[in-house]
2 protein chains.
Amino acid sequence: MGADGRHEIAPRSGVAFTLGRGERLTVIDPCGEQVADLLAFNRHDTDEVLSSGRTLDYASRIYLTTGDPLYSNRSNVLLRIVEDTVGRHDFLLTPCSADTFRIIYGDAHPHRGCFGNLAAALAPYGIAPDRIPVAFNCFMNVPVDGATGAFHVAPPLSRAGDHITFEAEIDLVIGLTACSALQSNNGSFKPIHYRIAPAA
Amino acid sequence: MGADGRHEIAPRSGVAFTLGRGERLTVIDPCGEQVADLLAFNRHDTDEVLSSGRTLDYASRIYLTTGDPLYSNRSNVLLRIVEDTVGRHDFLLTPCSADTFRIIYGDAHPHRGCFGNLAAALAPYGIAPDRIPVAFNCFMNVPVDGATGAFHVAPPLSRAGDHITFEAEIDLVIGLTACSALQSNNGSFKPIHYRIAPAA
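The sections below set out a description of the structure shown in this document. Please read these numbers as outputs of a predicted model, since none were measured by experiment.

The geometry of an aromatic ring pair is captured by two quantities: the separation of the ring centres and the angle between the planes. According to the stated counting rule, one finds 10 aromatic pairs over all chains in the structure shown. With centroids separated by 5.3 Å and ring planes inclined at 75 degrees, the aromatic side chains of Phe91 of chain B and Phe136 of chain B adopt a geometry described as edge-to-face. Taken together, the residues span a long stretch of sequence, with Phe91 of chain B in the loop between strand E6 (77-84) and helix H2 (98-103) and Phe136 of chain B in strand E7 (residues 136-138) at a distance of 45 residues. Looking at Phe136 of chain B, the relative accessible area reads 1%, which means it is buried. In this structure an aromatic cluster arises from ring pairing among Phe91, Phe136 and Phe166 of chain A. Above the ring of Phe189 of chain B, the side-chain terminus of Arg12 of chain B is found at 4.0 Å from the ring centroid.

A word on helix H1 (residues 52-59) of chain B. Given 3.6 residues to a turn, an α-helix orients residues that are three or four positions apart in the same direction. Among the 8 residues in H1 of chain B, 7 count as buried, and that is most of the element. Contact partners of the buried residues in H1 of chain B: helix H2 (98-103) and helix H3 (113-122) of chain A together with strand E5 (69-71) of chain B. Note on H1 of chain B: the residue one or two positions beyond its end, Ser60 of chain B, has a positive phi of about 55 degrees.

As a further point, take the side chain of His89 of chain B. Residues and elements named next belong to chain B. Tracing the backbone shows His89 in the loop between E6 and H2. Relative accessible area serves as the criterion here: at 1%, His89 is assigned to the buried category. Side-chain polar atoms of His89 contact the side chain of Asp84, separated by 3.0 Å. Separated by 2.8 Å, the side chain of His89 and the backbone nitrogen of Phe139 make a polar contact. With residues near it in sequence (within four places) discarded, His89 still touches Tyr63, Leu64, Asp84, Phe136, Asn137, Cys138, Phe139, Met140 and Ile164.

The next point concerns the relation of the copies chain B and chain A. You can overlay chain B on chain A at an RMSD of 0.0 Å; the transform is a turn of 180 degrees with a shift of 0.0 Å along its axis. The two molecules are tied by a two-fold rotation axis, judged by turn and shift. Of every C-alpha in chain B, the one belonging to Gly146 of chain B sits nearest the axis of rotation, 2.3 Å from it. Counting the interface residues of chain B, we find that 100% of their copies in chain A are interface residues as well, pointing to one common contact surface.

Basis of the calculations
- Residues numbered from 1 in each chain as written.
- Chains lettered and ligands numbered in written order.
- Predicted model: local features only at pLDDT ≥ 70, side-chain atom pairs only at ≥ 80, totals over all residues.
- Heavy atoms only, no water.
- Phe/Tyr/Trp six-rings, centres within 6.5 Å; stacked < 30°, edge-to-face > 60°.
- Helix = DSSP H or I, 4+ residues; strand = E, 2+ residues; numbered from the N terminus.
- Buried < 20%, exposed > 50% of the residue type's maximum accessible area, 1.4 Å probe, protein only.
- Lys NZ or Arg CZ within 6 Å of the ring centre and 35° of its normal.
- Contact = heavy atoms within 4.5 Å.
- Polar contact = N/O pair within 3.5 Å; in protein donor to acceptor, adjacent residues only side chain to side chain.
- Least-squares fit on C-alpha atoms with pLDDT ≥ 70 in both.

That is the geometry; function is a separate question.
The structure is reproduced here in structure tokens:
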């Protein structure tokens, strides 16, 4: 941990940690154009998990930003976005995985991706790989063509030092990565920083 | 079951059944403008389930139609769309639920919705409510504004007799509803028909 309370997630890796009710998690892109996949589980019952389908339904928007709540599969608010210097994140796509690299990139010996990194980091909390849903992909830029429904993965809009801050509404287990997919990060793999602030 | 092998799902209800590898499921909108939420689980290991995030990622499109595969959370193809007379379905939103009606419609005594209907129908297969992900919402029309990310639930484009047909790539448990949300069905609740054809 750095002097200012920052933790670093190395390129193409991931971590898991607990976040208490009222605590704030700030996810920082230290170099710019780097995605961080975020998952959240109810710490006291990890069958309750972040749900893109419920969150988008209640927001009536696919792009979320400051003020928007992130709901669970039981329609409880897990996190709320309280600051956001970027304003473009993705909540449509699952974490990249060995399958992503095999199917989309055609890699013969694929990296385990954010999915594998999250699975390894969440295992000590008793969370199985099958329980990993669509992540909230901080800084991931996926413009959708409304007419055709086609989308593509564009370079993130985040610049060095940009951040997004979430406040926990219940006690959580968080999974967080420095994303492993070339396309999502404009062709290079960089670290992600994060900081936890106590409840007000 | 009707003389032509059609089953009927009554308005605001749901069913579950098995679908064998190679069998074809046709979902029919008999009256027009009626949505049917579809779920699919690996029959031999129900922790493997339909994944919107993986399917959309591999398709690079939010609107799916004939030829498109529907993937599981383990990146296996569960179903493939082999016929589609409508061409507009939704794969962003979770099944409507008591929470949907409470949060979006403000109902004091909400209906259990497609979520409750699916949970009840899937219980005999040992599938818990927490395992219900984003459904493939046949005939649901959710236009997205690409610039702002805003979307709304518009009347389905399906007319009486329109259908979509899926072929099973592995043995499945299917959940299927006649959707219970007013907005999704242009203000009225109608039945859904379905038919199963044997493997070729």
